[in-house]
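# Descriptive structure summary
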Amino acid sequence: MTVLIFYLRCYRFFRFQFVALMGSAVFLTMGLSLSSAQDADGALSEEALEAKSERVSGGPLFEELDPHSTGMADFSNDYGSPRIWGEHWRTYLFGAIGTGIAIGDVDGDGLPDIFAVSKNERSRLYRNLGDFKFEDVTENSGIDDEDTSIIDKNETPGGGAAFADVNNDGHIDLYLCFLGAPNQLWINDGTGRFEERAAQWGVDVDTASVMGYFADYDADGLLDLYLATNLLQEGDEYPGPKADHLFRNLGDRFLETTKEAGISGVGHAHSALWWDYNSDGKLDIYVANDFTGNDRLYRNSGDGAFEDVIARASPRAPYYAMGADFGDVNGDGLEDFWVADMAPTSRSRYKQTLESHRHVYE
């Protein structure tokens, strides 16, 4: 079976590449790993992971496809705004805020389409034509995140993107995040055409948005929203990270329930993960924070409230969390969890690297 893998190469100048995965894959993890073994209170235990593969060495697993052949060579993500390298440089150094992609079937033809966010240029929607061929349908879709009457992406660049059916009509909509500008919610009419309705739905949040994560946390059949944030800085003064937000979907709008739900504190969020960590049938939230703001594991009580239980549920937590995910790593039917940590693995190594980062703190 051939599986499509899509990624952005993370250099200053970005370009799209496709790779086709052929045959079996090698699964590797790094950083802190927490297994799914639990006690009566749902506590997690730690287990070191070993890289294992039964694959016989041989030919390549991946084939790089020419972006001109896929139809995506026109995408640009050059980080060209002078403000990124000027007064916002600490936002990108401390926050490491990049852009994202969203994959989903926007026109109901059964093929996954791709929306790609550009930091300062116009983002693009690519319709899947099959056989690794795509068509740029941005103009026809109505999505324009570079409309200067609404936003200046040189001043407030783009961030994460998420497809989610927010109005429960069977068509996936698009939520776009920005740094220092109101986020956008594009409602899909079912044919692949969109209209911007963030203010109407109450999610035009203006903060240091990283990514919107959608899930039905209250089991009412509607997708709710957790908005992860990071750092928004101008000049040399460090203002500290921003607070995350939780919104409940009411069917025709979102209601912010951050305070009432017990979501609190600030942090340099790099990811948020909806995950039923204690297997009680209710979706919990893990937030991976980088250096300021501890990681958080919010346990869903089922009545609309959450409690941060990471101190007693996890044997330890990372300090420089880069992201987290879960899956059944060892095939025992239980969901395992892992989080990447950028911190050095020893105190001596930490001391050795401090000098090379002195410019960050001066």
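Please read all numbers here as calculations on a predicted model, not as lab measurements.

This part is about the sheet that holds strand 19 (residues 284-289). Strand order across the open sheet formed by four strands is 18-19-20-21, with antiparallel pairing between neighbours. A single partner strand is all that each edge strand has here, and the edge strands are strand 18 (269-275) and strand 21 (306-308). On average, each strand axis in the sheet is tilted by 20 degrees relative to the strand beside it, whichever way the strands run. Here strand 18 pairs with strand 19 via six bridges, running antiparallel.

Turning our eyes to something else, we now look at the pairing of strand 7 (residues 113-116). The alternating pattern of strand 7 places Asp113 and Phe115 on one face and Ile114 and Ala116 on the opposite face, and all of these are buried. Where strand 7 lies against strand 8 (residues 124-130), three bridges are found, and the strand directions are antiparallel. Within the sheet, the bridge partner assigned to phenylalanine 115 lies in strand 8 and is leucine 125.

A word on the confidence of the model for the protein chain. The predicted model of the protein chain has a mean per-residue pLDDT of 81, with 79% of residues at 70 or higher. Confidence over residues 1-37 falls short of pLDDT 50; this stretch has 111 contacts with residues more than four positions distant or in other chains.

Our next topic: unusual backbone geometry. For asparagine 168, which is not glycine, the phi torsion reads 60 degrees and is therefore positive. As for its position among the elements, asparagine 168 is in the loop between strand 10 (158-164) and strand 11 (173-182). Taking the relative accessible area as the measure of exposure, asparagine 168 reaches 49% and is therefore partly exposed. We note that alanine 219 has phi near 55 degrees; this positive angle belongs to a residue other than glycine. Inspection of the secondary structure assignment puts alanine 219 in the loop between strand 14 (206-215) and strand 15 (224-229).

Definitions and cut-offs
- Residues numbered from 1 in each chain as written.
- Predicted model: local features only at pLDDT ≥ 70, side-chain atom pairs only at ≥ 80, totals over all residues.
- Heavy atoms only, no water.
- Pairing = 2+ DSSP bridges.
- Helix = DSSP H or I, 4+ residues; strand = E, 2+ residues; numbered from the N terminus.
- Axes fitted to C-alpha atoms, helices over the stretch in contact; angles between N-to-C directions.
- Buried < 20%, exposed > 50% of the residue type's maximum accessible area, 1.4 Å probe, protein only.
- pLDDT = per-residue confidence, 0-100.
- Contact = heavy atoms within 4.5 Å.

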